[in-house]
Amino acid sequence: MGRIAALTRNPAMIALVAALAITGCASKKNLNSPGDLGLNGAGAATPGSAQDFTVNIGDRIFFDTDSASIRADAQTTLARQAQWLNQYRQYAIVIEGHADERGTREYNLALGARRAAATRDFLVSKGVSGSRLKTISYGKERPVAVCDDISCWSQNRRAVTTLSGAGS
Amino acid sequence: MKSILKPLLMVAAMAVGIISVATLPARATLELNVNKGNVEPMPIAIPDFQGGLGPQISEIVTADLKRSGLFAPIDKAAFVEKITNPDAAPRYEDWKVINAQALVTGSVSKEADGRIRAQYRLWDIFGNQQLAGEQFFANDANQRRVAHIIADAIYEKITGEKGYFDTRVVFVDESGPKNARKKRLAIMDQDGANVRYLSDGRAIVLTPRFSPNRQEITYMSYESGQPKVYLLQIETGQRELVGNFPGMTFAPRFSPDGQKVIMSLLRDDGNSNIFAMDLRSRSTTRLTDSTAIDTSPSYSPDGSQVVFTSDRGGGSGRSQIYVMGADGSNPHRISFGDGVYSTPVWSPRGDLIAFTKQSGGEFQIGVMKTDGSGERILSSGFQQEGPTWAPNGRVLMFFRDSGGGPKLVSVDLTGRNEQPIPTANYASDPAWSPLLE
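Cut-off values and rules
Residues numbered from 1 in each chain as written. Chains lettered and ligands numbered in written order. Predicted model: local features only at pLDDT ≥ 70, side-chain atom pairs only at ≥ 80, totals over all residues. Heavy atoms only, no water. Contact = heavy atoms within 4.5 Å. Buried area = accessible area lost by both parts, 1.4 Å probe. Salt bridge = Lys/Arg side-chain N within 4 Å of Asp/Glu carboxyl O. Polar contact = N/O pair within 3.5 Å; in protein donor to acceptor, adjacent residues only side chain to side chain. Axes fitted to C-alpha atoms, helices over the stretch in contact; angles between N-to-C directions. Helix = DSSP H or I, 4+ residues; strand = E, 2+ residues; numbered from the N terminus. Parallel < 35°, antiparallel > 145°, perpendicular 65-115°, else oblique. Left-handed = near helix turned anticlockwise from the far one by under 90°. Nonpolar A, V, L, I, M, F, W, Y, C, P; charged D, E, K, R; others polar. Buried < 20%, exposed > 50% of the residue type's maximum accessible area, 1.4 Å probe, protein only. Expected span 1.5 Å × (residues − 1). Domains from an automatic or database assignment. 1 Å grid on protein atoms, 1.4 Å probe; cavity = no way out; pocket = protein on both sides within 12 Å on 5 of 7 lines; lining within 4 Å. Points joined across faces, edges and corners; volume = space filled by probe spheres on them. Pairing = 2+ DSSP bridges. Disulfide = S-S within 2.5 Å. Core = buried A, V, L, I, M, F, W, Y, C linked by side-chain atoms within 4.5 Å. pLDDT = per-residue confidence, 0-100.

Caption draft 1: Seen up close, the interface of chain B and chain A. Facing the 47 residues of chain B at the interface are 30 residues of chain A. Between chain B and chain A, roughly 3,000 Å² of surface is buried when both sides are summed, and carbon and sulfur atoms account for 51% of that area. In this structure, the connection of chain B to chain A is made through 8 salt bridges. Here R120 of chain A and D268 of chain B are joined by a salt bridge, their closest N and O atoms 3.2 Å apart. The tally of links between chain B and chain A comes to 20 residue pairs in polar contact (both at pLDDT 80 or more).

Caption draft 2: Molecular detail of the packing of helix α2 (residues 54-67) of chain B against helix α4 (residues 143-159) of chain B. Residue and element names in this part refer to chain B. Contact geometry for α2 and α4: axes closest at 8 Å, N-to-C directions at 45°. When the axis of α2 is compared with that of α4, the two are oblique. Where α2 crosses over α4, the handedness of that crossing is right-handed. Within the contact between the two elements, α2 uses Q56, I57, I60, V61, D64 and L65 and α4 uses Q143, R144, A147, H148, I150, A151, I154 and Y155. Considered class by class, the residues forming the contact of α2 with α4 number 9 nonpolar, 3 polar and 2 charged.

Caption draft 3: The arrangement of the environment of A50 of chain A in detail. Residue and element names in this part refer to chain A. Mapped onto the elements of the fold, A50 is located in helix α3 (residues 50-58). Exposure remark for A50: the relative accessible area of 9% places this residue in the buried category. Sequence separation between A50 and S67 is 17 residues; the distance between their C-alpha atoms is 28 Å.

Caption draft 4: Local environment of the pattern of salt bridges. According to the stated counting rule, one finds 39 salt bridges over all chains in the structure shown. The salt bridge partner of R105 of chain A is E141 of chain A, with a shortest N-O separation of 3.0 Å. With R105 of chain A in helix α5 (residues 105-125) and E141 of chain A in the loop between β3 (133-139) and α6 (150-156), this pair connects stretches of sequence that are 36 residues apart. When sorted by exposure, R105 of chain A lands in the same class as E141 of chain A, which is buried. Two residues, R282 of chain B and E240 of chain B, come together in a salt bridge whose shortest N-O distance is 2.6 Å. You can see R282 of chain B sitting in the loop between β16 (272-278) and β17 (284-286) and its partner E240 of chain B sitting in strand β13 (residues 239-241), a full 42 residues away along the chain.

Caption draft 5: Spotlight on α2 of chain B. All names here are of chain B. With 14 residues, α2 extends 20 Å between its outermost C-alpha atoms, agreeing within 8% with the 20 Å of an ideal straight helix rising 1.5 Å per residue. Residues G54, I57, S58, I60, V61, T62, D64 and L65 constitute the buried set of α2. Buried residues along α2 sit in contact with β2 (42-45), β3 (71-73), β4 (102-110) and α4. Positive backbone phi, at 80°, marks G69, one or two positions downstream of α2.

Caption draft 6: Highlighting the side chain of E101 of chain A. With respect to the helices and strands, the residue E101 of chain A is situated in the loop between β2 (91-98) and α5. Taking relative accessible area as the criterion, E101 of chain A reaches 11% and is therefore assigned buried. Non-local contacts of E101 of chain A, meaning those with residues more than four positions away in its chain, are made with N108, K140, C147, D148 and W153 of chain A together with K178, F363, F382 and Q383 of chain B.

Caption draft 7: Looking closely at helix α4 (residues 72-87) of chain A. In this model, α4 of chain A (16 residues) spans 23 Å end to end at C-alpha, consistent with the 22 Å of a helix rising 1.5 Å per residue. Within α4 of chain A, burial applies to A74, T77, L78, Q81, A82, W84, L85 and N86 of chain A.

Caption draft 8: A look at the domain arrangement of chain B. All names here are of chain B. We note that the domain assignment places domain 1 (8-159) and domain 2 (169-432) within chain B. Computed over C-alpha atoms, the centres of domain 1 and domain 2 are 34 Å apart. In this complex, domain 1 contributes 14 residues to the contact, which on the side of domain 2 involves 16 residues. The junction of domain 1 with domain 2 conceals about 1,100 Å² of combined surface from both sides, 35% of it contributed by carbon and sulfur atoms.

Caption draft 9: Expanded view of empty space enclosed by the protein. Going through the model one piece at a time under the given rule, you end up with 5 cavities of 30 Å³ or more. Estimates place the volume of the largest cavity at around 130 Å³. Surrounding the largest cavity, 16 residues form its lining, R209, R253, G386, D429 and P430 of chain B being those nearest its centre. Broken down by secondary-structure element, the contributors of at least two residues to the lining of the largest cavity are α5 of chain A together with β10 (205-210), β22 (340-346), β26 (384-389) and β30 (426-432) of chain B. The element best represented in the lining of the largest cavity is β26 of chain B, accounting for 4 residues. In terms of residue class, the lining of the largest cavity is made up of 6 nonpolar, 4 polar and 6 charged. Roughly 90 Å³ of volume is contained in the second largest cavity. Contributing to the lining of the second largest cavity are D64, R67, S68, Y164, F165, Q190, V395, S410, N417, Q419, I421 and W432 of chain B.

Caption draft 10: Summary view of the sheet that holds strand β12 (residues 226-233) of chain B. Spatial strand order, β10-β11-β12-β13 (chain B): 4 strands in an open sheet with antiparallel pairing. Only two strands of the sheet have a single neighbouring strand rather than two, namely β10 and β13 of chain B. Strand after strand, the sheet turns through a mean of 30° between neighbouring axes, direction not considered. Contacts from α5 of chain A reach β10 and β11 (216-224) of chain B within the one sheet, and its direction differs from that of β10 of chain B by about 135°.

Caption draft 11: Quick look at the state of the cysteines. Residues and elements named next belong to chain A. Applying the stated criterion across every chain, the model contains 1 disulfide over all chains. Between the sulfur of C147 and that of C152 lies a disulfide, 2.0 Å long from S to S. Disulfide C147-C152: torsion about the S-S bond near 125°, hence right-handed. Judged by relative accessible area, C147 falls into the buried class, the value being 15%. Judged by relative accessible area, C152 falls into the buried class, the value being 0%.

Caption draft 12: Region of interest: the nonpolar core. L65, Y120, L122, I150, I154 and I158 of chain B are the most contacted members of the largest nonpolar core, which has 47 residues in total. It is α4 of chain B that provides the largest number of residues to this core, a total of 9 residues. Here this core spans two domains, and each of domain 1 (8-159) and domain 2 (169-432) of chain B adds at least three residues to it. When sequence neighbours within four positions are dropped, the list of residues in contact with I150 of chain B reads F49, I57, V61, A118, Y120 and F136 of chain B. Within the second largest apolar cluster, 23 residues are counted, among which are I57, L78, A118 and L163 of chain A.

Caption draft 13: Summary view of the confidence of the model for chain A. Residues and elements named next belong to chain A. Summary statistics for chain A give a mean pLDDT of 79 and a share of 72% for residues scoring 70 or more. Within chain A, the lowest mean pLDDT, 36, falls on helix α1 (residues 2-8), and the highest, 98, falls on α5. Counted against residues more than four places away or in other chains, residues 1-41, with its pLDDT under 50, gives 39 contacts.

As structure tokens, then:
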């Protein structure tokens with residue numbers, strides 16, 4: 001618990017931990033994918049691999065409380081995502097919308113959905129084909145940061161662009 | 001609605017083997033006016049019931065009445081008369097000296113066919129008379145139910161209102177770390193006994209709600225990947241997807257006649273609208289059509305209106321409570337307090353709407369009249385939400401997370417009687433059943 005709490009105070013650290021976890025999954029799924037050579041360290045990800053996307057592009061954006069507006073910093077991330085996704089068209093994409101715990105369960109399911117849709121719409125506006133994009137809301141049911149204060153809530157108000165495997 | 005359901009209820013009562021065979025009504029002088037602002041709990045004496053199972057049964061009766069906050073069971077050590085024949089009139093003077101307003105005597109015995117026979121008598125000490133007497137037969141498995149039925153009978157005889165002890169609660173059992181919480185549907189008696197699991201925890205399940213017929217629940221599950229609303233038959237375990245909608249469906253509740261499920265449907269633009277689906281004809285009716293989050297619909301008990309939340313009023317996240325006709329007509333806002341409102345639930349009595357309110361960094365559970373006036377906060381905390389009504393409309397259950405994970409709590413309409421509901425694991429999203437009868 002103490003270790004997790006320490007990690008969650010550092011957004012960069014938590015992003016990296018999450019990135020490694022996600023890449024771990026992706027590499028299992030795509031063992032035969034030539035682009036995916038597994039964990040070679042952050043900078044060494046093979047271009048076009050899921051690891052490359054998560055670590056070098058950034059798979060998630062964050063939102064203000066109760067908002068689904070794409071912030072300026074998030075627009076930069078999404079523009080980078082769109083460029084990458086347009087280059088590597090073999091991936092199908094699921095955008096997960098999440099909320100922090102400071103709302104009720106049902107409202108947060110709706111808010112997570114709104115965030116996922118706003119993220120999808122932004123990627124489409126940058127040329128990513130809508131047919132590759134699906135959305136899902138987890139409301140507040142899947143927090144990445146688990147403390148009970150603002151430092152965690154801001155990490156949990158997120159939309160995560162996940163590569164659901166080679167769509168080819 | 002009651003009259004339609006009555007024949008079904010009788011059958012259900014027969015099926016579980018609890019039959020009331022004798023009632024001996026008498027004129028009531030003993031009364032507890034639960035509508036007064038400040039109710040003093042009534043001192044009541046409940047000696048151990050006679051028979052081998054007797055003390056177990058009378059203990060459950062005592063616990064039910066005590067938890068209601070309306071009764072103050074007297075310490076057995078203070079009793080002067082030792083009850084040896086529960087059918088004989090007590091020595092009223094012996095109970096007056098310890099200020100017992102009411103006395104409950106009873107016995108429990110085994111019949112030759114294996115069933116339990118439980119009987120009780122309720123005595124009005126200062127009226128020097130018997131107020132009620134009933135006996136019940138039950139299968140072994142229904143021991144605790146017999147106790148709850150006796151507690152309900154005493155509650156009703158003294159307060160003039162229906163009890164709520166012979167009821168169950170469906171909820172989400174939560175275990176494991178916060179970022180990988182396992183969530184299972186579970187059902188238990190209202191006092192936390194007899195827990196049974198209804199799902200295996202592989203998929204996230206949320207917001208279970210009882211059907212008025214008590215036999216099924218509607219809930220939301222991620223089992224297909226996309227979050228969707230399902231029906232579950234409690235006894236058979238049979239599951240069924242509700243409707244064939246393209247997007248996420250969530251926040252389901254039954255109509256008071258049990259024929260419809262009302263819920264939110266996600267639109268492609270990321271907003272959510274409210275739909276009702278007729279479970280027989282499978283036809284759907286759209287009730288709202290707005291570029292807003294419209295969710296948490298709940299019918300009035302006569303089925304004519306629906307309360308829900310919406311952020312249509314503008315201002316990001318300013319979710320407020322609205323009421324509309326059951327056909328979607330005339331939606332109008334009723335909450336105007338300082339805060340964000342969610343999870344409105346119409347009282348089974350029809351007079352109040354319970355809600356969750358976020359205000360000043362706190363989560364509050366409160367009630368307001370159906371026109372939005374008379375708002376009262378019953379409970380405040382760091383994180384708590386999701387009230388559900390006891391069938392008599394006097395008690396709410398909700399879930400509270402004080403750090404670590406959620407637990408269930410009940411509070412009565414005075415706001416002064418808060419009780420934890422014991423569960424083995426963390427627990428959330430409670431939904432109270434109607435009286436089992």
